[in-house]
Amino acid sequence: MMKRYLLAPGPTPVPPEALLAMAMPIIHHRAPDFLPVLDSAKKGLQWLYQTKNDVLIICSTGTGGMVGSVNNFFSPGDRALVINAGNFGERWTKICKAYNLSIEEIKIDWGFSVKPEDVEAALKKDPSIKGVFVQASETSTGVYHDIRAIASIVRKYDNAILVVDAISALVAHDLKMDEWGIDVLIGGSQKGLMLPPGLAFVGVSEKAWKFAEASKSPKFYFNFKKERESLAKNQTSFTSPVSLIIGLNECLRLLQAEGLDNAFRRHARLAHATREAIKAIGLDMFTKESPSNSVTAISAPKDIDGQEIYKNLRVKYGITAAGGQGQAKGKIFRIAHLGYAGTFDTITAIAGVEMVLKGMGYPVKLGAGVSVAQELLMV
Ligand SMILES: *Cc1c(COP(=O)(O)O)cnc(C)c1O
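Owing to the predicted nature of the structure, the values given are computational and were not obtained by experimental measurement. (Residues numbered from 1 in each chain as written. Predicted model: local features only at pLDDT ≥ 70, side-chain atom pairs only at ≥ 80, totals over all residues. Heavy atoms only, no water.)

## Focus: the sheet that holds strand β4 (residues 102–107)
The test is simple: We treat two strands as partners when DSSP finds at least two bridges between them. Numbering goes from the N terminus for both helices and strands, where a helix is a DSSP run of H or I of at least four residues and a strand is a run of E of at least two. Axes here mean lines fitted to C-alpha atoms, for a helix over just the part in contact, with angles spanning 0 to 180 degrees between N-to-C directions. Contact between two residues is taken to exist if any of their heavy atoms lie within 4.5 Å; hydrogens are not considered.
Pairing within the open sheet is mixed, and its 7 strands lie in the order β2-β10-β9-β8-β5-β3-β4. The strands lining the two open edges of the sheet, one partner per strand, are β2 (54–59) and β4. Between one strand axis and the next, the sheet turns by 20° as a mean value, whatever way the strands run. Sitting on the sheet, helix α6 (residues 147–154) is in contact with β3 (79–84), β5 (129–135) and β8 (161–165), with an inclination near 160° to β8.

Here is the structure:
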């Protein structure tokens, strides 16, 4: 037997409280038993999103929330500004193209974050832009984009909304939907929210609902106006993923007991300790600026394949972290700090990295990174 540790940027470990709650017998989604369950999830999500707006609960992975945010607020031919700084920025481009939006991209080298003034310049140059699409945390590069600054720009334009993929950022980063003026904020269940995959969440501002009125793209399963009507009745339009929503209430309860600021601080501490430990081992960050608190992206040493580090962690020590995606494949490996994670997840990951690197012939002094993480995480 090998004990397994899940330290990937999704899916993430699920706390036992949620696992047990999800093991209860299935209740019927149209029966009265379910109404308070959905009501509680709805209110908990508004707390997490720091919003008075509706937060839709969609039965799909996070990408479904992204697709729905393109086909519900826009029409074919609409101009879209996509901030493409990695694999998930690339996904925005692909989805917008699939729905025939007309795209302007701000392409950013992997490892770097967008300059808000570039967003402002693009909007000034082309006032017909109706949507700005960005990631909060670009999971493929470990970069956090300055959502607060971008929101403060987009909110000045009446004919444009800001659509933020916060699937890996939610719970790890403070995202003040109402205060900052984020129009569409997308989350997923299997990352910071500590649930199995299968739910997407979409917070929608009043400004964005006006865009929905004008949208001519085809809709059936992802029909946000219908979901909004269902949500008002504590329902979802189709069969509700009842077990996941019951688990969601448990996770929201755990987060409420911790407090939102404490959850952000916990992620920030683990991410900081990881970055410092990595430097002490003698490795370089792949992320060149504005590192995310969700996941740390580390460059593999010269002549060592990043995929091999990732593979050895899993095969030799039972630690599932992540390799690289797209153009970073082979060059990096990634360690997540997301969700149900604490001090000894980070120390386990660092210890594992040291052991794997030493096993691959890289000159690492065992304990060099671990001791740095220990110092930083001591209470
Ligand atoms: C995980 C992730 C997604 C969504 O992935 P799914 O597999 O559809 O859940 C989207 N964007 C980012 C930034 C992610 O980290």
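Once the structure has been displayed, the description carries forward.
## Some thoughts on the packing of helix α5 (residues 116–125) against α6
Going by this rule: The labels follow the angle: roughly parallel below 35 degrees, roughly antiparallel above 145, roughly perpendicular from 65 to 115, and oblique for the rest. Here a crossing is called left-handed whenever its near helix is offset anticlockwise from the far helix by less than a right angle, and right-handed whenever the offset is clockwise.
Remark: α5 packs on α6, axes separated minimally by 9 Å, with the N-to-C direction vectors making an angle of 20°. With respect to their mutual orientation, α5 and α6 come out roughly parallel. Our pair here, α5 against α6, has a crossing hand that is right-handed. Contacts between α5 and α6 involve Pro 116, Val 119, Glu 120 and Leu 123 from the former and Ala 149, Ile 150, Ile 153 and Val 154 from the latter.

## Some details on the site of the ligand
For clarity, the cut-off: Distances are taken per atom, and a residue is near a molecule or strand as soon as one of its heavy atoms is within 4 Å of it. Two N or O atoms count as a polar contact when they lie within 3.5 Å, although within protein this holds only if one can serve as hydrogen donor and the other as acceptor, and sequence-adjacent residues are included solely when both atoms are side-chain atoms. Working definition of accessibility: Shrake-Rupley area with a 1.4 Å probe, residue cover restricted to the visible protein chains. Note that Gly is not counted as nonpolar here; it falls among the polar residues with everything else outside the nonpolar set of Ala, Val, Leu, Ile, Met, Phe, Trp, Tyr, Cys and Pro and the charged set of Asp, Glu, Lys and Arg.
Of all residues adjacent to the ligand, which total 14 residues, the nearest are Thr 61, Thr 63, Thr 139, Asp 165 and Lys 191. A distance of 2.4 Å separates an oxygen atom of the ligand from a polar side-chain atom of Thr 63. Contact with the protein chains covers 87% of the free accessible surface of the ligand, which is 380 Å². Of the residues forming the shell around the ligand, the biggest block, 3 residues, is contributed by helix α3 (residues 62–71). The class makeup of the residues in the shell around the ligand is 3 nonpolar, 8 polar and 3 charged.

## A look at the packing of aromatic side chains
So the rule is basically this: Two aromatic rings, drawn from Phe, Tyr or Trp (for Trp, its six-membered ring), form a pair once their centres lie within 6.5 Å of each other, and the interplanar angle then sorts them: stacked below 30 degrees, edge-to-face above 60, tilted otherwise. To sit over a ring, a charge needs its Lys NZ or Arg CZ within 6 Å of the ring centre and within 35 degrees of the ring normal.
According to the stated counting rule, one finds 8 aromatic pairs in the structure shown. Each ring, one from Tyr 221 and one from Phe 222, has its centre 5.1 Å from the other, and the planes form 75°; the classification is edge-to-face. Following the ring pairs from residue to residue traces out a cluster consisting of Phe 74, Trp 92, Phe 133 and Phe 211. Sitting over the ring of Tyr 310, Arg 314 keeps its end group 5.5 Å from the ring centre.

## Looking at the domain arrangement of the protein chain
Defined as follows: Boundary definitions for the domains trace back to an automatic or database domain assignment. The salt bridge definition used is simple: a Lys or Arg side-chain nitrogen within 4 Å of an Asp or Glu carboxyl oxygen.
Here the protein chain is partitioned into domain 1 (5–10 + 259–377) and domain 2 (16–257). If you average the C-alpha positions of domain 1 and of domain 2, the two centres end up 27 Å apart. In this assembly, 28 residues from domain 1 lie in contact with 30 residues from domain 2. For the interface between domain 1 and domain 2, the tally reads 0 salt bridges. Here domain 1 is connected to domain 2 by 15 residue pairs in polar contact (both at pLDDT 80 or more). Residue contributions to the side of domain 1 that touches domain 2 peak at 5 residues, all from helix α11 (residues 260–281). Partitioned by chemical class, the residues of the side of domain 1 that touches domain 2 number 12 nonpolar, 12 polar and 4 charged.

## Overview of the state of the cysteines
Short version of the rule: When the sulfur atoms of two cysteines come within 2.5 Å, that pair is taken as a disulfide. Partly exposed residues are those whose accessible area sits between 20% and 50% of the maximum for their type, while under 20% is buried and over 50% is exposed, using a 1.4 Å probe and protein chains only.
In total, this model carries 0 disulfides according to the counting rule given. For Cys 251, which is in no disulfide, the shortest distance to another cysteine sulfur is to Cys 59 and amounts to 16 Å. By relative accessible area, which is 0% here, Cys 251 ends up buried.

## A word on the confidence of the model for the protein chain
Rules: For every residue, the predictor reports its confidence as pLDDT, a number between 0 and 100.
Mean pLDDT for the protein chain: 98, with 100% of residues reaching 70 or above. Mean pLDDT across the elements of the protein chain bottoms out in β2 (97) and peaks in β8 (99).

## Regarding the nonpolar core
Rules: For this analysis, a nonpolar core means a set of buried residues of the types Ala, Val, Leu, Ile, Met, Phe, Trp, Tyr and Cys, connected via side-chain atoms within 4.5 Å.
With 90 residues, the main nonpolar core has Phe 73, Phe 133, Leu 175 and Leu 193 as its most contacted residues. In terms of residue count, the dominant contributor to this core is helix α10 (residues 242–258) (8 residues). Setting aside residues no more than four positions away along its own chain, Leu 175 makes contact with Tyr 49, Gln 50, Ala 136, Tyr 144, Ile 147, Ala 166, Ala 169, Trp 180, Ile 182 and Leu 185.

## A word on the pattern of salt bridges
Side chains that differ in charge, positive against negative, can pair when their charged atoms come close. The tally for this structure, following the rule as stated, stands at 14 salt bridges. For Asp 126, the salt bridge goes to Arg 79, with nearest N and O atoms at 2.8 Å. Of this pair, Asp 126 sits in the loop between α5 and β5 while Arg 79 sits in strand β3, placing them 47 residues apart in sequence. Across the pair Glu 213 and Lys 225 runs a salt bridge, and its minimum N-O distance is 3.6 Å. In this pair, Glu 213 sits in helix α8 (residues 206–214) while Lys 225 sits in helix α9 (residues 224–232), placing the two residues 12 residues apart along the sequence. For Glu 213, a relative accessible area of 56% gives the class exposed. Among the charged side chains, a network of salt bridges with common partners joins Asp 39, Lys 42 and Lys 43.

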